[in-house]
Amino acid sequence: MPHRFDQHPTELLPWLANGTLQGAEQDAVKRHVDGCAECQNELNLLLRLRTTIQSETLPEGAGELGLQRLLRQVGKKSKSPRRWWLSAALAASLVIGVQTVMLLQRVPDESLYTPLSGPTAREGVLQVEFMPEAREADLRELLRASGARIVDGPSAVGLYRLAIQPGSDPDQVLRRLRERTDLIRHITLE
């Protein structure tokens, strides 16, 4: 089936000029060009351009000279960033060192802080492991009677921390709690 072009086949003219257009498409484009002065002028321009480019010869080694020049320019530019990176790395190391020294000097004195839920300096602290079968109501009564309260726990191994009320003797509270082997498996004063 012959091709008819509603517009000029300008996108196919370069393929016709370099000889790669084939078959029915080639025949249709040639028929159009034969009857269209504008497309004939475009095709002639493309053919002259192709001939001119093919006739040009580069001096031997011109590509090699260009490559060597490019490599020299790349080599010159690559030295500059290396020096910059070295300076930046040294500056960053210096900053990290100064920050480390500053942080180590600013370690807070824990005696200045008193946590709201934790024991105060005047209180004793006990570590306790309760019996697994101990009931919560029994433990609550034991703690109330001994003057201790839970301030932390349970830990990953099941230990609780108990704070002894101010004014109570930690050794006496410890003895009283050790007697309750039905509720306490292990207890020690921190």
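Going by the structure above, here's the rest.
Residues numbered from 1 in each chain as written. Predicted model: local features only at pLDDT ≥ 70, side-chain atom pairs only at ≥ 80, totals over all residues. Heavy atoms only, no water.

Peer 1: So what's going on with the overall build of the protein chain? Which residues, and what values?
Peer 2: The helix and strand tally for the protein chain stands at 6 helices and 4 strands. The linear arrangement of helices and strands in the protein chain, starting from the amino end, is α-α-α-α-β-α-β-β-α-β. A burial count over the protein chain gives 21% of its 190 residues as buried. (Helix = DSSP H or I, 4+ residues; strand = E, 2+ residues; numbered from the N terminus. Buried < 20%, exposed > 50% of the residue type's maximum accessible area, 1.4 Å probe, protein only.)

Peer 1: Could you give an account of the nonpolar core, with specific residues and numbers?
Peer 2: Counting 17 residues, the largest nonpolar core has Leu 126, Val 128, Leu 162, Leu 177, Leu 183, Ile 184 and Ile 187 as its most contacted members. Those elements giving two or more residues to this core turn out to be β1 (125-130), α5 (136-146), β3 (160-164), α6 (170-178) and β4 (184-189). The residues contacting Leu 177, other than those within four sequence positions of it, are Leu 126, Leu 142, Ser 146, Leu 162, Ile 184 and Ile 187. Judged by nonpolar contacts, the second largest core, of 11 residues, contains Leu 12, Leu 21, Cys 39 and Leu 43. (Core = buried A, V, L, I, M, F, W, Y, C linked by side-chain atoms within 4.5 Å. Contact = heavy atoms within 4.5 Å.)

Peer 1: Let's hear about the sheet that holds strand β2 (residues 148-152): which residues, and what values?
Peer 2: Taken together, 4 strands build an open sheet; the order of strands is β2-β3-β1-β4 and the sheet is antiparallel. Strand pairing shows two members of the sheet lacking a second neighbour, β2 and β4, which therefore form its edges. Each strand of the sheet is rotated relative to its neighbour by a mean of 35°, with strand direction disregarded. With 4 bridges joining them, β1 and β3 adopt antiparallel strand pairing. When the sheet's bridge partners are listed, Gln 127 is paired in β3 with Arg 161. Taken strand by strand, α5 contacts β1, β2, β3 and β4, and its axis lies near 115° from that of β2. (Pairing = 2+ DSSP bridges. Axes fitted to C-alpha atoms, helices over the stretch in contact; angles between N-to-C directions.)

Peer 1: Account for the pairing of β3, naming residues and giving values.
Peer 2: Pairing analysis gives 4 bridges linking β2 to β3, with the strands arranged antiparallel. Bridging from a neighbouring strand, Arg 149 pairs with Ala 163 of β3.

Peer 1: Give a detailed account of the side chain of Ser 146, specifying residues and quantitative values.
Peer 2: Positionally, Ser 146 belongs in helix α5. In this structure the side chain of Ser 146 is engaged in a polar contact, spanning 3.0 Å, whose partner is the backbone oxygen of Leu 142. (Polar contact = N/O pair within 3.5 Å; in protein donor to acceptor, adjacent residues only side chain to side chain.)

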